[in-house]
Amino acid sequence: SNTAVTIFSRQGQEKLQGQVQSRRDPTLKSYKTDLDRLTCECGSPATTGLPCPHLMAHARVIGTNLHRIVNAKDTVAGWQAQYPEDLRFEVPSSAAV
């Protein structure tokens, strides 16, 4: 992986707080993430309503399914429910997420 994730947890708590930084370029800023609140210092989740790459990296490292951090309306099933008519679009594989 090209991402280093440091997980902060207190005894008996889930590993929901972390710090994410690029391994490819360690000079890049690292970002504090919180999977419980779905927040990241980068500000993208607050702006877009979607998880940023930092939250996705954090979730992946602790083994959390990415569907847990994506709003149901933003999933394939959610889009299909919102647009029930014959709307066709290509769905990327999970490897492309």
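Quick summary incoming for the structure in this document. Because the structure is a prediction, the values reported are computed rather than measured.

1. Quick notes on the side chain of His54
Note on placement: His54 falls in helix α2 (residues 53-61). Its relative accessible area of 18% is what places His54 among the buried residues. Look past the residues within four positions of His54 in its chain and what remains in contact with it is Val20, Tyr31, Thr33, Cys40 and Cys42.

2. Quick look at unusual backbone geometry
Peptide bonds are mostly trans, and most non-glycine residues show a negative phi. Here Leu38, not a glycine, exhibits a phi torsion of approximately 55 degrees, which is positive. Within the fold, Leu38 resides in the loop between β3 (31-34) and β4 (39-40). Under the relative-accessibility criterion, Leu38 is labelled partly exposed at 32%.

3. A look at the pattern of salt bridges
Within the structure shown, the criterion is met by 3 salt bridges. A salt bridge links Glu41 to Lys29; the nearest nitrogen and oxygen atoms lie 3.7 Å apart. Of this pair, Glu41 sits in the loop between β4 and α1 (44-48) while Lys29 is found in the loop between β2 (17-22) and β3, placing the two residues 12 residues apart along the sequence. Two residues, Asp34 and Arg37, come together in a salt bridge whose shortest N-O distance is 2.9 Å.

4. Comments concerning the side chain of Ser30
Within the secondary structure, Ser30 is located in the loop between β2 and β3. For Ser30, the contacting residues outside a window of four places in its chain are Gln19, Val20, Gln21 and Glu41.

5. Here's the deal with the environment of Leu66
Of note, Leu66 is situated in the loop between α2 and α3 (76-82). For Leu66, a relative accessible area of 17% corresponds to the buried category. For the pair Leu66 and Met56, spaced 10 residues apart in the sequence, the C-alpha separation amounts to 6.6 Å.

6. Here's the deal with the pairing of β3
With 4 bridges connecting them, β2 and β3 associate as antiparallel partners. Considered in β3, the bridge of Val20 is made with Tyr31. Note that β3 and β4 share 2 bridges and pair antiparallel. Considered in β4, the bridge of Thr33 is made with Cys40. Joining the antiparallel neighbours β3 and β4 is a turn of 4 residues, in which Leu38 adopts a positive phi near 55 degrees.

Cut-off values and rules
- Residues numbered from 1 in each chain as written.
- Predicted model: local features only at pLDDT ≥ 70, side-chain atom pairs only at ≥ 80, totals over all residues.
- Heavy atoms only, no water.
- Helix = DSSP H or I, 4+ residues; strand = E, 2+ residues; numbered from the N terminus.
- Buried < 20%, exposed > 50% of the residue type's maximum accessible area, 1.4 Å probe, protein only.
- Contact = heavy atoms within 4.5 Å.
- Salt bridge = Lys/Arg side-chain N within 4 Å of Asp/Glu carboxyl O.
- Pairing = 2+ DSSP bridges.

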